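# Structural characterization, general
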Amino acid sequence: MTHTDEHDSPTAARTSRGSASWPSALPTAPPVPARKARVSVALYAEDGILHAGVVQQLRQQPDVRLLPEAEGDQAQVSLVVVDTVNDPAVRLLRRLQRNTATRTGLVVGSFEAAALQTMIECGVAAVLRRAEADQDRLLHLITAMANGEGVLPGDLLGKLLEHVGTLQRTVLDPRGLTLSTLTTREAEMLRLVSEGFDTVEIAQKTSYSERTVKNVLHEVATRLRLRNRAHAVGYAMRHGLI
């Protein structure tokens, strides 16, 4: 009678082969995504009716956590609800501006173009007309501010761009300044560098001495921490110089 080793038996072979085909670990359930943190909001309204209306809209939003006014300094977003940008509203906006950890949004009944400069000076990050302030738009406004973004109605955005252009032409250009913190001369030389001109050529095009060109470019490179010509090209592109 021939002895058959148990490891050579068909049953053992099947068991061995079956064991080898098993996964190294049993499948596990997919991880449950972490719940998104709610945005903390402090609400400032000029009367009880406005306050109650906005609270009613936001209370139904699971991504928003309303804080009492006493805890307003801890909020991510300050939401100011007013009829117009009047003196009391400006005083409130300036007070909120001192808290650099909180971004301020404005829900306003009527907004005059003349108030645009005041809004900018008060650090308002987003504006929504009260007639358009439904749940979805309020949530979008709050979420955008929490993400570091800004929100403006289309017509106000157009006025803002026009205002910036007027500021550049009437205030900064006559003083040789730009909104990018570069003087007109610095911006021109940096643009020429980004286009591949060397120091001699830049001096010829700008009618400055080579020494002046070198001094200006050295100052710009030091102040803006530009490491080389490629870095200068990148800066010029980002700031619309080319």
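Up top is the structure these notes are about.
I will try to describe carefully the structure that is included in this document.

How each quantity is defined
Residues numbered from 1 in each chain as written. Predicted model: local features only at pLDDT ≥ 70, side-chain atom pairs only at ≥ 80, totals over all residues. Heavy atoms only, no water. Helix = DSSP H or I, 4+ residues; strand = E, 2+ residues; numbered from the N terminus. Contact = heavy atoms within 4.5 Å. Areas by Shrake-Rupley, 256 points an atom, 1.4 Å probe, with all protein chains shown as cover. Polar contact = N/O pair within 3.5 Å; in protein donor to acceptor, adjacent residues only side chain to side chain. Pairing = 2+ DSSP bridges. Axes fitted to C-alpha atoms, helices over the stretch in contact; angles between N-to-C directions.

### Overview of the overall build of the protein
- In terms of helices and strands, the protein carries 10 helices and 5 strands.
- Excluding contacts between residues fewer than 6 apart, the proportion of contacts in the protein whose partners are at least 24 apart in sequence is 67%.
- In the structure as shown, the protein presents an accessible area of about 15400 Å², 53% of it carried by carbon and sulfur atoms.

### Overview of the side chain of glutamine 61
- Mapped onto the elements, glutamine 61 comes out in the loop between α2 (48-58) and β2 (64-67).
- The residues contacting glutamine 61, other than those within four sequence positions of it, are Gln135 and Leu139.

### Structural notes on the side chain of threonine 102
- With respect to the secondary-structure elements, threonine 102 resides in the loop between α3 (87-97) and β4 (103-108).
- At 2.6 Å, the side chain of threonine 102 and the backbone oxygen of alanine 75 are in polar contact.
- Excluding residues within four positions of it along the chain, threonine 102 makes contact with Gly72, Asp73, Ala75, Gln76, Val77 and Ser78.

### So, unusual backbone geometry
- Phi is positive for serine 207, which is not a glycine, with a value near 65 degrees.
- Of note, serine 207 is situated in the loop between α8 (199-206) and α9 (210-224).

### A few points about the sheet that holds strand β1 (residues 39-45)
- The 5 strands are arranged β2-β1-β3-β4-β5 in an open sheet whose pairing can be described as parallel. Since the sheet does not close on itself, it has two edges, and those belong to β2 and β5 (124-129), each with one partner. The mean angle between the axes of side-by-side strands here comes to 30 degrees, regardless of whether they run parallel or antiparallel.
- As defined by bridge partners, β4 adjoins β5 across 5 bridges and the pair is classed as parallel.

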